[in-house]
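Reading the structure
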Amino acid sequence: MVKNWKLLIVTALALAVLCGCGGENEPTQPEITEPVVTEPPTQPPTEPPTEPVTEPVNMEAVDFLKLLYTQDNVETAVDYVMLDLFQTDSGKFYKVIWSVDVSEDLVKIIPNDNGTVTVDVNELCPQDTPYTLTASIATAEGHRITHDWHYILPQTRDMAAVVEKAYALGNGKSLPGLYSLTGKIVSVEKEWSEDYENITVTIAVEGCENRPVRCYGLRGEGVENLQIGDEITVSGVLKKYSGRVEFDTGCILESQETMDN
């Protein structure tokens with residue numbers, strides 16, 4: 001009986017402990033709070049600049065060429081050489097593109113292998129011809145700068161050289177441009193024609209008398225009176241036709257001195 005009584009007391013105490021663990025000692029749920037949202041700070045819009053920002057153009061390459069080539073408005077009767085690759089005092093290298101505003105028959109740019117170009121001019125130019133030589137340079141900053149020189153290709157005064165060059169033509173070819181030659185009439189191939197209002201004569205230029213030049217269909221004031229021995233000046237296109245050098249049809253009599261004078 002004693003053992004049973006003790007067992008009842010232990011059981012009652014265990015039940016009291018279990019009951020004491022409930023009620024107000026139960027675990028509580030955590031409070032739910034709204035997340036805090038932080039807005040990024042706003043910056044006022046940046047206004048675009050009202051004036052463009054420009055950098056000064058580096059002109060040292062052009063200044064160098066202007067210092068090197070000072071002449072302007074001069075005659076260029078012979079070929080000449082210009083730099084197309086050079087280094088300035090600052091140590092920078094520049095490449096030049098040269099150009100002219102006339103045809104290659106008159107002036108031609110020929111590149112060399114030593115940082116230069118040859119400006120090849122026609123020494124037998126038929127008349128004084130102004131032309132512009134232009135240097136164009138690209139800088140490291142992305143600019144393209146230019147400078148002009150103004151020259152004159154003079155009319156040739158060497159008529160014998162013109163005749164020699166005409167004789168060197170291929171058959172059917174012509175010298176570019178118009179030329180003037182002065183010489184004495186050595187023969188009359190076709191007499192004055194009233195129907196065509198022209199005449200055909202052959203002249204000999206001083207210094208190359210063994211290379212005559214025919215003046216085919218020559219027109220102009222006084223051509224009907226021309227005769228052998230007259231000294232005349234004729235202008236027109238020089239060509240080689242069937243192995244003969246001649247002024248092409250339509251050539252003009254510029255002046256004459258008759259043999260009676």
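Shown above is the structure to which this text applies.
Attention here is on the structure that accompanies the text. (Residues numbered from 1 in each chain as written. Predicted model: local features only at pLDDT ≥ 70, side-chain atom pairs only at ≥ 80, totals over all residues. Heavy atoms only, no water.)

Residues L181, L218, I232 and L238 are the most contacted members of the largest nonpolar core, which totals 27 residues. The set of elements that each furnish at least two residues to this core consists of α3 (159-167), β9 (179-193), β10 (198-205), β11 (213-218), β12 (231-236) and β14 (244-247). Contacts of L238, omitting those with residues within four sequence positions, involve V162, L169, S174, L175, Y179, L181, V213, V245, E246 and F247. Core analysis: the second largest hydrophobic core is formed by 24 residues, V62, L65, Y69 and Y131 among them. (Core = buried A, V, L, I, M, F, W, Y, C linked by side-chain atoms within 4.5 Å. Buried < 20%, exposed > 50% of the residue type's maximum accessible area, 1.4 Å probe, protein only. Helix = DSSP H or I, 4+ residues; strand = E, 2+ residues; numbered from the N terminus. Contact = heavy atoms within 4.5 Å.)

This paragraph deals with the sheet that holds β10. Strands sit in the order β13-β14-β11-β10-β9-β12-β15 across an open sheet of 7 strands; the sheet is mixed. The sheet terminates laterally at β13 (238-241) and β15 (252-257), the two strands that pair on one side only. Taken over all neighbouring pairs, the strand axes of this sheet differ in orientation by 40° on average, direction set aside. As judged from the 7 bridges shared by β9 and β10, these two strands associate in the antiparallel manner. (Pairing = 2+ DSSP bridges. Axes fitted to C-alpha atoms, helices over the stretch in contact; angles between N-to-C directions.)

Right, let's get into helix α2 (residues 60-68). Taken as a whole, α2 has its buried residues at A61, V62 and L65. Burial along α2 is one-sided: seen end-on, the buried residues are contained in an arc of 95°. (Arc of directions from axis to C-beta.)

As paired strands, β9 and β12 are joined by 6 bridges and run antiparallel to one another. Note that in β12 the partner of G183 across the bridge is I232. Linking β9 back to β10 in an antiparallel pair, the connection comprises 4 residues, with E197 at a positive phi of about 55°.

Ordered by their spatial adjacency, 3 strands build an open sheet running β2-β6-β5, and the pairing between neighbours is antiparallel. Two strands bound the open sheet, and with one partner strand each, they are β2 (80-83) and β5 (107-111). Averaged over neighbouring strand pairs, the angle between their axes works out to 30° when direction is ignored. Bridge analysis of β2 against strand β6 (residues 116-121) gives 4 bridges, and the strand direction is antiparallel. Bridge assignment links L83 to a residue of β6, and that residue is T116.

Here we take up the pairing of β11. Across the 6 residues that make up β11, a large majority, 5, are buried. With 2 bridges joining them, β11 and β14 adopt parallel strand pairing. Opposite R214, over in β14, you have E246 as the bridge partner.

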